[in-house]
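Spelled out from the first residue to the last, the chains are:
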Amino acid sequence: MTRKIIIDCDPGQDDAVALFLALASSEELDLLGITAVCGNVPLELTQRNARQMCDIAGRQDVPVYAGCEKPMLRPLRTAEMIHGETGINGIDVIDPETPLQSAHAVDFIIETLLDADDASIILVPTGPLTNIGTAIDREPGILPKIEQIVLMGGAMREGGNRTPSAEFNILVDPDAADNVFRCGRPIVQMGLDVTHQVLSTRDRVGRIAALGNPVADATAGMLSFFDRYDTKKYASKGAPLHDPCTIAWLIRPELFEGKDCNVSIETQSELTLGHTAVDFWHVTERPVNVHWVYSVDAGGFYDLLTERLARFGD
Ligand code: BDR
Ligand code: CA
């Protein structure tokens, strides 16, 4: 069965790979639209980068919308030190042919959901949750239409990657994240505990580069850049490939292991702002709101990614 999804992203090299993986998987996923949000780099660049990925994949037909240019209540923090000044350093930037739709991303999300059957659309956020949190705030009537939210963000055992307590996507807009985590719809969460297992080692990137099609070349180029900063930071054999875990979970959930629990967002403390308090051992009465994913078959993940990227050469 094909499931309808909207990817809400801030490309970002790893967001870009998530887009490629979804675009390669049309038997499983019907991508209704891509909504861009500010995050890794400002909105002006994230929306352009999303459109560039559609160009590279030969999918100029996919509608791309620009959303919020700053978090709900706070100034924007970006991550050029990881992603480079374009957000997609590692490949050349082009002026994409894929058009930018005139509607605001939040309006697109609201209208698409209101028109849909109950529990029929999956939201896949891979950036700060500003667009989704704003949509929920503005039109709570969209909630019954959401089948589930499969997102990248947060951390428990791994600790934060932007502060000692917080992962980047949640830290950038903790107020939007709080809206989303309290919304009552099922959430599948890919935090750093799982994404830090998905390392883009030289060997894995080499297998992608060897595919020799434009999407694989772009992926290998972006992942090679992404590697420089993260391998030093984590002293690992490759950079974690965070965002595509969401799409891989939708295609092959059996690659992952997780547990249902409550996750709550810290929105007040200066010290631990954006922390995801994961009640892994059910030590509170707080209701289950998340399927917390904590482990993955990383080899199986890269086999899937490589097999799907090979399709762009057909
Ligand atoms: C998340 O932050 C961004 O830098 C990545 O694109 C990913 O979504 C990882 O913390
Ligand atoms: Ca991202």
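Residues numbered from 1 in each chain as written. Chains lettered and ligands numbered in written order. Predicted model: local features only at pLDDT ≥ 70, side-chain atom pairs only at ≥ 80, totals over all residues. Heavy atoms only, no water.

## So, the overall build of the chain
From N to C terminus, the chain includes 12 helices and 12 strands. For 314 residues, the compact-globule formula gives about 20 Å, and the C-alpha radius of gyration of the chain, at 18 Å, lands near that figure. Among the 314 residues that make up the chain, the fraction classed as buried is 61%. Sequence separation of at least 24 residues holds for 84% of the intrachain contacts in the chain that already meet a minimum separation of 6. Of the accessible surface of the chain, which amounts to about 12,100 Å², a share of 49% is contributed by carbon and sulfur atoms. Looking at charge distribution, the chain has the averaged site of its 26 positive side-chain charges lying 4 Å from that of its 46 negative ones. (Helix = DSSP H or I, 4+ residues; strand = E, 2+ residues; numbered from the N terminus. Rg over C-alpha atoms; globule rule 2.2 N^0.38 Å. Buried < 20%, exposed > 50% of the residue type's maximum accessible area, 1.4 Å probe, protein only. Contact = heavy atoms within 4.5 Å. Areas by Shrake-Rupley, 256 points an atom, 1.4 Å probe, with all protein chains shown as cover. Lys, Arg positive; Asp, Glu negative; His and termini not counted. Charge placed at Lys NZ, Arg CZ, Asp CG, Glu CD.)

## Quick notes on the pairing of strand 5 (residues 121-125)
Within strand 5, five of the five residues are buried, leaving the element largely enclosed by the surrounding structure. Of the two faces of strand 5, both are covered, the one formed by Ile-121, Leu-123 and Pro-125 as well as the one formed by Ile-122 and Val-124. Direction of pairing for strand 5 relative to strand 6 (residues 146-152): parallel, over a ladder of three bridges. Paired with Leu-123 across the strands is Ile-149, a residue of strand 6. Handedness of the β-α-β unit built from strand 5, helix 5 (residues 130-138) and strand 6 comes out right-handed. (Pairing = 2+ DSSP bridges. Right-handed = clockwise from strand over helix to strand, strands pointing away.)

## Description of the pattern of salt bridges
Overall, the coordinates contain 14 salt bridges when judged by the stated rule. As a salt-bridge pair, Asp-118 and Lys-145 come within 4.0 Å of each other at their nearest N and O atoms. Taken together, the positions of Asp-118 in the loop between helix 4 (105-114) and strand 5 and Lys-145 in the loop between helix 5 and strand 6 put the pair 27 residues apart, joining distant regions of the chain. Residues joined in a network through salt bridges with shared partners are Glu-27, Glu-28, Arg-252, Glu-254, Glu-307, Arg-308 and Arg-311. (Salt bridge = Lys/Arg side-chain N within 4 Å of Asp/Glu carboxyl O.)

## Looking at the coordination of the calcium ion (ligand 2)
Surrounding the calcium ion (ligand 2) are the protein donor atoms Asp-10 (OD), Asp-15 (OD), Asp-15 (OD), Thr-126 (O) and Asp-243 (OD), at 2.2 to 2.5 Å. Judged by relative accessible area, Thr-126 falls into the buried class, the value being 1%. (Donors = N, O, S within 2.8 Å, 3.2 Å for Na, K, Ca; no water.)

## Quick word on the site of ligand 1
Residues in contact with ligand 1, as listed here, are Asp-14, Asp-15, Asn-40, His-83, Thr-126, Met-152, Asn-161, Glu-167, Phe-168, Asn-169, His-242 and Asp-243. Between Asn-161 and ligand 1, the recorded distance is 2.8 Å, taken from a side-chain N or O atom to an oxygen atom. At 2.6 Å, a side-chain N or O of Asp-243 approaches an oxygen atom of ligand 1. Protein burial of ligand 1: of its 280 Å² of free accessible surface, 97% is covered by the chains. Of all the elements in the fold, those that place two or more residues in the shell around ligand 1 are helix 1 (13-23) and helix 6 (168-172). Of the residues belonging to the shell around ligand 1, the class tally is two nonpolar, six polar and four charged. (Near = heavy atom within 4 Å. Polar contact = N/O pair within 3.5 Å; in protein donor to acceptor, adjacent residues only side chain to side chain. Nonpolar A, V, L, I, M, F, W, Y, C, P; charged D, E, K, R; others polar.)

## Some thoughts on the nonpolar core
Formed by 58 residues in total, the largest nonpolar core has its most connected members in Ile-5, Ile-7, Ile-34, Ile-247, Phe-256, Phe-301 and Leu-305. A total of eight residues in this core trace back to one element, the largest contributor, which is helix 1. Membership of the second largest hydrophobic core comes to 35 residues, among which are Ile-109, Ala-177, Ile-265 and Phe-280. (Core = buried A, V, L, I, M, F, W, Y, C linked by side-chain atoms within 4.5 Å.)

## Thoughts on the sheet that holds strand 12 (residues 290-296)
An order of 4-3-2-1-5-6-7-12-10-11 is seen for the 10 strands of this open sheet, with the pairing classed as mixed. Of all strands in the sheet, those bounded by a partner on one side alone are strand 4 (100-104) and strand 11 (276-279). Each strand of the sheet is rotated relative to its neighbour by a mean of 30 degrees, with strand direction disregarded. Examined bridge by bridge, strand 1 (residues 3-9) and strand 5 share five bridges and lie parallel to one another. Counterpart to Asp-8 in the pairing with strand 5 is Pro-125. Contacts from helix 7 (residues 174-181) reach strand 6, strand 7 (187-190), strand 10 (256-265) and strand 12 within the one sheet, and its direction differs from that of strand 10 by about 115 degrees. (Axes fitted to C-alpha atoms, helices over the stretch in contact; angles between N-to-C directions.)

The values reported here are purely geometric and, on their own, carry no functional implication.
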